[in-house]
Amino acid sequence: TDEVIHDAGFLEVTRTTPSFNPITHKALEAPVEMIGGQWHQAWEIVALTPEEAAANLVASKEAAWEGIKQERERRKTGGVKVGEKWFHSDDASRIQQISLVMTGPNLPAGLQWKTLDGSFVTMTPVLAQQIFSEVRSKIIRPATGHYLSSPEDMASERMIWLAMSRFFLLSP
């Protein structure tokens with residue numbers, strides 16, 4: 001109870017999280033302070049050495065790059081929605097979709113295509129192009145039509161995560 005805690009000499013301290021840039025600074029706990037009748041945890045924000053900041057920056061970029069790679073894989077394999085159905089978007093499916101688009105009007109009539117939910121739809125040249133377009137829109141930078149290739153690119157595009165595919169690579 002509060003009474004037991006008080007009698008034992010413990011203080012109820014409101015913990016706060018300081019705001020700082022963890023790449024260039026660190027937060028050290030300082031003695032608690034009485035503010036408005038309540039005890040609050042105080043913090044001292046200390047600048048890191050240039051070497052520590054540089055190491056943190058490298059680690060941050062590596063973490064961002066890992067995030068890009070994970071998101072790229074998720075987008076490459078997570079499927080695309082066209083109409084009411086979701087279609088596969090893994091490597092093998094993208095190769096097949098390119099073939100469908102290239103076949104165009106010569107696509108066999110009545111061709112059944114398996115969707116992500118296991119059901120089948122009749123593939124048409126229009127549907128093939130729609131699937132191809134949806135896959136393409138997931139993996140390129142909307143503003144420019146080019147791929148992101150680095151954490152810096154990602155940051156410049158407001159953290160838009162994009163996947164890369166050698167099958168849909170556009171020249172800059």
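What you see is a predicted model, and the numbers here were worked out from it, not measured in a lab.

J.: I'd like a description of the sheet that holds strand β2 (residues 25-35), backed by residues and values.
T.: The strand order across the open sheet built from three strands is β1-β3-β2, with neighbouring strands paired in mixed fashion. The open sheet has two edge strands with one neighbour each: β1 (13-14) and β2. Note that β2 and strand β3 (residues 38-47) share nine bridges and pair antiparallel. Following the sheet pairing, H25 is matched in β3 by A47.

J.: Run through the side chain of Q41, naming residues and quoting values.
T.: Relative to the helices and strands, Q41 resides in strand β3. Of note is the side chain of Q41, whose polar atom sits 2.6 Å from the backbone oxygen of A30. Not counting the four nearest positions on each side in its chain, Q41 is found in contact with V13, T14, R15, T16, E29, A30 and V32.

J.: Lay out helix α3 (residues 91-103) in plain terms, naming residues and giving numbers.
T.: Quick reminder: α-helices carry 3.6 residues per turn. Residues three or four places apart thus point the same way. Its 13 residues give α3 an end-to-end C-alpha distance of 19 Å, which sits within 8% of 18 Å, the value for a rise of 1.5 Å per residue. Turning to α3, its buried residues number three or more, namely S93, R94, Q97, I98 and L100. In a view along the axis of α3, the buried residues occupy a sector of 160°, so they form one face of it. For α3, the side-chain oxygen to backbone nitrogen distance between the N-cap and A92 is 3.2 Å, and the N-cap itself is D90.

J.: So what about the pairing of β3? Which residues, and what values?
T.: Bridge analysis of β1 against β3 gives two bridges, and the strand direction is parallel. Its bridge partner lying in β3, V13 is registered against W39.

The rules we used
Residues numbered from 1 in each chain as written. Predicted model: local features only at pLDDT ≥ 70, side-chain atom pairs only at ≥ 80, totals over all residues. Heavy atoms only, no water. Pairing = 2+ DSSP bridges. Helix = DSSP H or I, 4+ residues; strand = E, 2+ residues; numbered from the N terminus. Polar contact = N/O pair within 3.5 Å; in protein donor to acceptor, adjacent residues only side chain to side chain. Contact = heavy atoms within 4.5 Å. Expected span 1.5 Å × (residues − 1). Buried < 20%, exposed > 50% of the residue type's maximum accessible area, 1.4 Å probe, protein only. Arc of directions from axis to C-beta.

None of the figures reported here should be taken as evidence of function without further support.
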